[in-house]
There are 2 protein chains.
Amino acid sequence: MLEITATTPEAQALCPIRNVLANINGKWQPLILLSLEDGPLRFSAVRRAIGDITQRVQTQNLRALERDGYITRTVSAGPPLAVFYELTPLGVSLLSVLKPLVHWAGESYPAVKAARAVYDGKLRG
Amino acid sequence: MLEITATTPEAQALCPIRNVLANINGKWQPLILLSLEDGPLRFSAVRRAIGDITQRVQTQNLRALERDGYITRTVSAGPPLAVFYELTPLGVSLLSVLKPLVHWAGESYPAVKAARAVYDGKLRG
DNA sequence: CAGTATCCTTTACGATACTG
DNA sequence: CAGTATCGTAAAGGATACTG
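None of the values given here were measured: they were computed from a predicted structure.

1. Digging into the packing of aromatic side chains
In this description, a pair of aromatic rings is defined by centroid distance and the angle of the planes. The final tally for this structure, using the stated rule, is two aromatic pairs over all chains. Centroid distance Y70(A) to W104(B): 6.1 Å. Interplanar angle 45 degrees. Geometry classified as tilted. A residue pair is termed interchain when its members come from two chains, as with Y70(A) in the loop between α5 (55–67) and β2 (71–76) and W104(B) in helix α6 (residues 89–124). Here Y70(A) falls in the buried class, since its relative accessible area comes to 0%.

Below you can see the structure in the form of structure tokens.
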């Protein structure tokens, strides 16, 4: 049973769902995790896989994902310096439930776009 | 195959995944959708189901979910005025891939908390 | 009851320059 | 190569008061 009700500040802070979800529902986290699906990637390779994302934001997101245990960060002493990011078992597990959602998003885009057109049309009369 | 790479502004704006995901990965959208799982609810009932969420933010989120075609809004003329929110087939479909993720979040909280403790411990030495 | 209206704070994200 | 530092913008969210 999924418990989503939280009335007190303590309950809100402790709510497992709010707590875990908060760090994987950003703009980039799902894309970063997905980019690592087929194996470890270097920092620059992750960046190329996503295309648009600044170094700064990518670093922030990678650190947050590492902190929550979804990926590991391994430094390969250089020069040149190489840093590899790789999914942990927990990250693989997360990806197994995240992928269907991302896949659904890709598939449902036409339906969503159509719904938006209808809604926006009604607003204008 | 999931295509997440977007290098040009046009590709980023059109990317189905970024586009659809953007409106379902907020702090409240998953919780709101989940609250409607067992049938239509009134505005105030949704609020009680979630516990913490201001009227303003709930309204904003409900409108966005309605616009993207996940829920419908039905006004029952009063007085007293009653407004019901209900999942559409598209919303039910979304929930079918969203629920596993939320469920995973709830189950994985201990693992995530442990990972955070390890990470934060390393930072302090 | 189901919202709006205002105002404010926080967080995420982005652009650019610089560094071990 | 893989970041960090600084600065700035924008979007999300929150608090409170008011209304058809």
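2. Observations regarding the protein's contact with DNA strand D
Around DNA strand D lies a shell of 20 residues, among which S44(A), Q55(A), R73(A), Y85(A) and R56(B) are the nearest. Sugar plus phosphate: this is where 64% of the atoms of DNA strand D within 4 Å of the protein reside. At 2.6 Å from a base nitrogen of DNA strand D is found a side-chain nitrogen or oxygen belonging to Q55(A). Going through the elements one at a time, α4 (43–50), α5 and β3 (82–87) of chain A together with α5 (55–67) of chain B are the ones with two or more residues in the surface near DNA strand D. No other element matches α5(A), which puts four residues into the surface near DNA strand D. Tallied by class, residues from the surface near DNA strand D come to eight nonpolar, six polar and six charged.

Definitions and cut-offs
Residues numbered from 1 in each chain as written. Chains lettered and ligands numbered in written order. Predicted model: local features only at pLDDT ≥ 70, side-chain atom pairs only at ≥ 80, totals over all residues. Heavy atoms only, no water. Phe/Tyr/Trp six-rings, centres within 6.5 Å; stacked < 30°, edge-to-face > 60°. Helix = DSSP H or I, 4+ residues; strand = E, 2+ residues; numbered from the N terminus. Buried < 20%, exposed > 50% of the residue type's maximum accessible area, 1.4 Å probe, protein only. Near = heavy atom within 4 Å. Polar contact = N/O pair within 3.5 Å; in protein donor to acceptor, adjacent residues only side chain to side chain. Nonpolar A, V, L, I, M, F, W, Y, C, P; charged D, E, K, R; others polar.

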